[in-house]
Each structure stands twice: as C-alpha cells, then as structure tokens.
Amino acid sequence: MATSAPPVIGDLFICDVLEASPKDDLGTMEHPIFSLSTKPDRRILRYEHNGATVEVVPSVKGRATIHDKDILIYCISQLMAALNAGREVSRTLQLKAHDLLQATRRDTGGDSYLRLREAFERLAGTRITTNITTGGLEATSGFGLIESWEILRKTRGGRMISVMVTLSEWLFRSVLARSVLTLSRDYFTLRKPLERRVYELARKHCGRQPEWRVSVSVLHKKAGSSAPVRVFRAAIRKMIEEAQLPDYLMTEEPGDVIRFARIGMIEEEPAADLAPPRLDPDVLDAARALAPGADVYALEAEWRSWWLQTGRPRLSAPDRAFLGWVKARRQG
C-alpha cells in the first residue's frame, strides 16, 4: 500500500487560495471560548472535563468574540486547502486584509480595517490555560488564541494591507490533525453572535447524523450564554421562528428539547482514501473517559500521525480504532 508523507512545515505560509471552503476547528467548536457579547467581556471562564480543566482569561480589552473568530476560520480554511493540495504549510501566515474581509463577507471600508485590528488584539490577548496529564505528571500550560500578529504595510489613509499572523501551537496542531469541519459559506451572513454559536454546535454534534436533540439547559451551557435560561430560551424560539440557520432546521419538542435536523447537502472533506480517517466529534468524549486528564486533541494528532506512518491502512471503523489505540497507549 502506498504511503503518504506527513505535511511539510515551512517558515511562512502565504494565504493565496481563492474561494477556500470555510473550516472550523473542533476544539473551539466544543468549548464556549468566544464571547457572545457585543460589549467588552472581561469575565474569566473556567470549566472541567474528566479531570482536565480549561480556563479562558481575557485581556483588558475583553475576551475574543465569536466575530473575531472569523480570522481563525479564514486561516484554518487557507491551511486546509493547502494541505489538501499537498502544499507546504506553516503556523505563521501572511494574508491580505482585503481578502480576509471579502472571504468573511465583511465591508471593506476604512472602519472595517480598524475593527480588524481590534479583533487581532483581542485574539492575542485572550489566554487559554489547561492542565494536561502525561506520564503521571500534571503540566499546566497557557497560550493565546494567536501567538502574535503584525501589520506589514499601511497606506497613507492608515489601512492595513498585509498582516503576519502566528497561530498558537494548539490551533496549528488541530489543523495538521485535520480536526476540522466544513462550515456553510452562509455562516458569515449570520450577524447575531448566538446564531453563530448555535450553528457551530449543530454542525459539530450532528456531524454526519441527520439530527441532534439537546435540552435547552444543556444548549445554554454549551453555547456559553451569560443570559438567564428563560431569556436564552426566548432567543432560541425566535431563531426557530426566523429559520435563518444554514444547513439545519430547528424545532422545539416536548420536555424543553430542541431538535436540529440537517437539510440539504453539507460539503465534506476529500474522499477517505485521500485524507486521514474522520472521527465522530463525540468520540473525543469517550477518549477522555479512557485517558482522564489527557489532551485528547494531542492524542488525536498523535494517532493520525501513527496512521500515516503505518501506511494509511483502510479503517472500516475509525472511531473504534482510535479508542483502541488510546486504550493500548494508556496501558502501555
């Protein structure tokens, strides 16, 4: 069986892929890292998962917002398009601000460039702290959503033309592991923060399944909404009435349950024989139970690297194969 070499990592990646499919990483889709507020959100968020703790600490300018995430989605989309084409990639990217604004369906007027700069500042200032258990030792690490950014050129009017961005190792590792999902291009037309958050939750939890049911209380927690549950419920009912969510139809069911039903076709990654096996997003919860305190995204990346090195064997049940590998690794 033919083997495939791991991705080639370079020093700089130039964002030049036109019409790249929007991609979102599973890590930030799972946790409510981004603020849904339209005002500076300086709350410190802390939550636990099977012994692993995650803390999100904003800067004095506030936590990165769900709209700031457009920058990360654009970077991930560019990197994934390059990986699929067999190109060299890097966690340091050079991009044109105008291209980013157009790809994320934003206005390209002067104010948009100022808002883009503010978004870079919030992304760099928002810190993630998590404890990871390896080899019987607990290590606590912290990192920003992006490591750094720099405006390379300006016009006389002050517009940024080109920007250098260095992604965090954590986010770049998710890209190399292909721990991403394709979003609808209409995602960027959603202007309300809650709509965006609910869409990405539906996208993650539905996966390839036709539907997903979740209680309002659980949806409220997963969304990271700071509104009371009753206010959140009213907002969800308004979303159901307006029916603006791409790819999914929302309905309310007895027992305070919301049902998401997939409608139409959702763009997928390349065929299974050309890309690493796709895991169901929920399999990571099972991995956490097998390896308490471990960074499951690091485990997934390591497993995918092992899969490549062993000749890319065809897997009829990738989820079971991954969990079996995790179990054997912990026992070894």
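Only a predicted model underlies this, so the values are computations on that prediction, with no experimental measurement involved.

Some details on the pattern of salt bridges
- By the definition in use, this model includes 24 salt bridges.
- Of the charged contacts, one joins Glu30 and Arg288 as a salt bridge, the two residues approaching to 3.0 Å between their closest N and O atoms. With Glu30 in helix H1 (residues 26–30) and Arg288 in helix H9 (residues 283–290), this residue pair connects regions lying 258 residues apart in the sequence. Of the two residues, Glu30 and Arg288, both sit in the buried class.
- The salt bridge partner of Arg46 is Glu55, with a shortest N-O separation of 3.7 Å.
- Judged by its relative accessible area of 54%, Arg46 falls in the exposed class.
- A single salt-bridge network, built from bridges that share partners, covers Asp24, Lys69, Arg197 and Glu200.

Comments concerning the packing of helix H7 (residues 216–223) against helix H8 (residues 229–242)
- At a minimum axis distance of 10 Å, the contact between H7 and H8 shows a crossing angle of 95°. Judged by the angle between their axes, H7 and H8 are roughly perpendicular. Between H7 and H8, the contacting residues are Val216, Leu219, His220 and Ala223 on the first element and Val229, Phe232, Arg233 and Ile236 on the second.
- Looking at the contact of H7 with H8 residue by residue, the classes come out as six nonpolar, one polar and one charged.

Regarding unusual backbone geometry
- Phi angles above zero are rare outside glycine, and Glu19 is one such case at about 60°.
- Looking at the secondary structure, you find Glu19 in the loop between strand E1 (13–14) and strand E2 (23–25).
- You will see that Asp256, though not glycine, has its phi angle at about 60°, which is positive.
- Overall, Asp256 belongs to the partly exposed group, its relative accessible area being 26%.

As for H9
- Taken together, the buried positions of H9 are Val283, Leu284, Ala287 and Arg288. For H9, the buried positions fall inside an angular range of 150° around the axis, keeping them on one side.

Quick look at the pairing of strand E11 (residues 211–215)
- On E11, burial follows the alternation: Trp212 and Val214 on one face are buried, whereas Glu211, Arg213 and Ser215 on the facing-out side are not.
- As judged from the five bridges shared by E11 and strand E13 (residues 257–262), these two strands associate in the antiparallel manner. Its bridge partner lying in E13, Arg213 is registered against Arg259.

Overview of the environment of Pro246
- In this fold, Pro246 is placed in the loop between H8 and strand E12 (248–253).
- As for Pro246 and Asp186, which are separated by 60 residues in sequence, their C-alpha atoms are 6.4 Å apart.
- Not counting chain neighbours up to four residues away, the residues in contact with Pro246 comprise Ser184, Asp186, Tyr187, Leu190 and Tyr199.

Thoughts on the sheet that holds E11
- If you walk across this open sheet you meet the three strands as E11-E13-E12, and the pairing is antiparallel. Two strands bound the open sheet, and with one partner strand each, they are E11 and E12. The sheet shows a mean angle of 20° between the axes of neighbouring strands, taken without regard to direction.
- Of the strand pairs in this sheet, E12 and E13 are connected by six bridges, and their pairing is antiparallel. Paired with Leu249 across the bridge in E13 is Ala261.

Here's the deal with the side chain of Thr166
- With respect to the helices, strands and loops of the structure, Thr166 is situated in strand E9 (residues 160–167).
- Since its relative accessible area comes to 10%, Thr166 is described here as buried.
- Every residue in contact with Thr166, bar those within four places of it in the chain, is listed here: Arg91, Thr92, Ile146, Glu147 and Ser148.

Re the confidence of the model for the protein chain
- Summary statistics for the protein chain give a mean pLDDT of 84 and a share of 85% for residues scoring 70 or more.
- The model gives residues 269–274 a pLDDT under 50, and that stretch makes eleven contacts with residues more than four places away or in other chains.

Scoring rules and cut-offs
Residues numbered from 1 in each chain as written. Predicted model: local features only at pLDDT ≥ 70, side-chain atom pairs only at ≥ 80, totals over all residues. Heavy atoms only, no water. Salt bridge = Lys/Arg side-chain N within 4 Å of Asp/Glu carboxyl O. Helix = DSSP H or I, 4+ residues; strand = E, 2+ residues; numbered from the N terminus. Buried < 20%, exposed > 50% of the residue type's maximum accessible area, 1.4 Å probe, protein only. Axes fitted to C-alpha atoms, helices over the stretch in contact; angles between N-to-C directions. Parallel < 35°, antiparallel > 145°, perpendicular 65-115°, else oblique. Contact = heavy atoms within 4.5 Å. Nonpolar A, V, L, I, M, F, W, Y, C, P; charged D, E, K, R; others polar. Arc of directions from axis to C-beta. Pairing = 2+ DSSP bridges. pLDDT = per-residue confidence, 0-100.

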